[in-house]
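# Summary of the model geometry
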Amino acid sequence: MIDLRSDTVTKPTEAMRKAAYEAEVGDDVYGEDPSINQLEETAAEVLGKEAALFVTSGTQGNQIAILTHCRPGNEIILEAESHIFYYESGAASAFAGVQTRTLSGTRGAMIPSDVEYAIRGEDQHFPETGLICLENTHNRAGGAVIPVDNMKEIHKVAKANNVPLHIDGARLFNAAAALNLPASELAKHCDTVQVCLSKGLGAPVGSILAGNRDFIAAARKWRKRLGGGLRQAGIIANPGLIALTQMRERLAEDHENAQYLAQQLGQIKGIEIVNQVDTNIIVADVKDLKMNSLEFVEKLKAEGVLSGTFGPSYVRFVTHYDVNRSQLEHAITAIQKTADQII
Ligand code: TLP
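None of the values given here were measured: they were computed from a predicted structure.

Each value, and the rule that gives it
- Residues numbered from 1 in each chain as written.
- Predicted model: local features only at pLDDT ≥ 70, side-chain atom pairs only at ≥ 80, totals over all residues.
- Heavy atoms only, no water.
- Domains from an automatic or database assignment.
- Contact = heavy atoms within 4.5 Å.
- Buried area = accessible area lost by both parts, 1.4 Å probe.
- Salt bridge = Lys/Arg side-chain N within 4 Å of Asp/Glu carboxyl O.
- Nonpolar A, V, L, I, M, F, W, Y, C, P; charged D, E, K, R; others polar.
- Near = heavy atom within 4 Å.
- Polar contact = N/O pair within 3.5 Å; in protein donor to acceptor, adjacent residues only side chain to side chain.
- Areas by Shrake-Rupley, 256 points an atom, 1.4 Å probe, with all protein chains shown as cover.
- Helix = DSSP H or I, 4+ residues; strand = E, 2+ residues; numbered from the N terminus.
- Patch = residues over 30% accessible without salt bridge, like charges linked within 9 Å, V, L, I, M, F, W, Y side chains within 5 Å.
- UniProt positions renumbered as here; feature names shortened; annotations may be inferred.
- Axes fitted to C-alpha atoms, helices over the stretch in contact; angles between N-to-C directions.
- Parallel < 35°, antiparallel > 145°, perpendicular 65-115°, else oblique.
- Left-handed = near helix turned anticlockwise from the far one by under 90°.
- Phe/Tyr/Trp six-rings, centres within 6.5 Å; stacked < 30°, edge-to-face > 60°.
- Buried < 20%, exposed > 50% of the residue type's maximum accessible area, 1.4 Å probe, protein only.
- Lys NZ or Arg CZ within 6 Å of the ring centre and 35° of its normal.

## So, the domain arrangement of the chain
By domain assignment, the chain separates into domain 1 (7-246) and domain 2 (250-342). Taken together, the contact pairs 22 residues of domain 1 with 18 residues of domain 2. Both faces considered, domain 1 and domain 2 share a buried interface measuring about 1600 Å² in area, 53% of it formed by carbon and sulfur atoms. When the area that domain 1 buries against domain 2 is broken down by residue, the three leading residues are Arg107, Gly142 and Asn174, summing to 27%. On the surface where domain 1 and domain 2 come into contact, there are one salt bridge. With its nearest N and O atoms 3.1 Å apart, the salt bridge here joins Asp278 to Arg107. Of the residues that constitute the side of domain 1 that touches domain 2, the class distribution is nine nonpolar, eight polar and five charged.

As structure tokens, this is what we get:
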């Protein structure tokens, strides 16, 4: 099977498995796991923040950010197709008790003046705006890179109105690679950021939440409340450290593969690539094949390629570390065959 469903499917490398085996460990709830401590310090440095916290997943990192920044009854502003709104099982309302105010963006980027307008005033009818969330890269916008200027402008609006800004940077390193900038140059336009180690970077488990020291101290408590205080977690942090220090540079390869895949799929009759491929995500419309995305995904699976539905007629393909160019060639042949069967 060639698995193009997501970059979450990557398996730990040999070096990561070795690092897991050899990790120095301790009880992290006591702050005594040296591997966790090293990962958190390194992550803070890479992201240009005072402190960082290892969390079990991207979802947990985002939700801890919301819980730490907000109080029940607050409103959070976020893009209409953002992961926090679309794919986190309603966690923001279930746990933090906040309501969501969604704004439609262009390729995932909200208009700064829309954000400004959405921030609530003093009126007693209104909830308080507790947080603004951005997502970079933006998953449902097809891995779109949110431009630095857009982040800068929204951060300016946030600061002027005393509202914190959080970035869901599950794929922030993909954005940094695409822009050829250090991740800290992107993360400087927010108060807090969540980055995933277990997507394109290939670690088996975990994400990082970063911000200033006070925020991270409060976030640590929320992590504990959620049952996310781990003990000898160095065995998962050590592979994460390899992901963070050795795997960022190769993300450009996934982006080149995505370009290649998009270009080849675009030539297949009945398939239309609908996103501008900035990073490692490709969205294909299969409506001209006269079937829905689920049927297409099932047929393609029978040809040995896994993909994901991304709307009634949209299919998502994601390139990653575990798919090389020759596997991609096989995938393209299988996709061609699937389309040919139908047309
Ligand atoms: N995205 C997954 C699915 O949940 C859709 C994927 O396959 O793309 N933020 C963003 C932008 C994400 O894309 C994801 C995962 C998360 C947060 C959540 O990360 P995890 O899965 O670690 O909770």
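## Some details on the site of the ligand
Surveying the vicinity of the ligand reveals 15 residues, the closest of which are Ser6, Gly58, Thr59, Asp168 and Arg171. Separating an oxygen atom of the ligand from a side-chain N or O atom of His83 is a distance of 2.9 Å. Here Lys199 contributes a side-chain N or O atom positioned 2.9 Å from an oxygen atom of the ligand. When the ligand sits alone it has 510 Å² of accessible area, and the protein chains cover 81% of it. Residue contributions to the shell around the ligand peak at three residues, all from helix H3 (residues 58-69).

## Describing a nonpolar patch on the surface
A contiguous nonpolar patch, built from Phe85, Tyr86 and Tyr87 and spanning about 290 Å² of accessible area, is present on the exposed surface. Among the structural elements, Tyr86 can be located in helix H4 (residues 83-86).

## A short note on the UniProt feature "domain: Aromatic amino acid beta-eliminating lyase/threonine aldolase" (unreviewed entry) in the chain
Those places that UniProt annotates as "domain: Aromatic amino acid beta-eliminating lyase/threonine aldolase" (unreviewed entry) correspond, in this numbering, to residues 3-287. Across residues 3-287 one finds 42% helix and 16% strand; the C-alpha atoms that close the span lie 22 Å apart.

## Brief notes about the packing of helix H12 (residues 251-265) against helix H14 (residues 325-342)
At a closest axis distance of 11 Å, the pairing of H12 and H14 adopts a crossing angle of 20°. It follows that H12 is roughly parallel to H14 by the angle criterion. In the crossing of H12 with H14, the sense of the turn from one axis to the other is right-handed. Residue-level inspection shows Glu256, Asn257, Tyr260, Leu261, Gln264 and Leu265 of H12 in contact with H14, the latter providing Arg325, Leu328, Glu329, Ile332 and Ile335. For the contact of H12 with H14, the residue count by class is six nonpolar, two polar and three charged.

## A short note on the packing of aromatic side chains
Applying the stated criterion across every chain yields a total of one aromatic pair. Geometrically, the ring pair formed by Tyr86 and Tyr87 is edge-to-face, given 4.8 Å between the ring centres and 70° between the ring planes. On the basis of relative accessibility, which here comes to 41%, the residue Tyr86 falls in the partly exposed class. A relative accessible area of 34% places Tyr87 in the partly exposed class. Stacked on the ring of Phe310, the Lys or Arg Arg140 has its end atom at 4.6 Å from the ring centre. Positioned above the aromatic ring of Tyr260 is the side chain of Arg325, whose terminal nitrogen or guanidinium carbon lies 4.1 Å from the ring centre.

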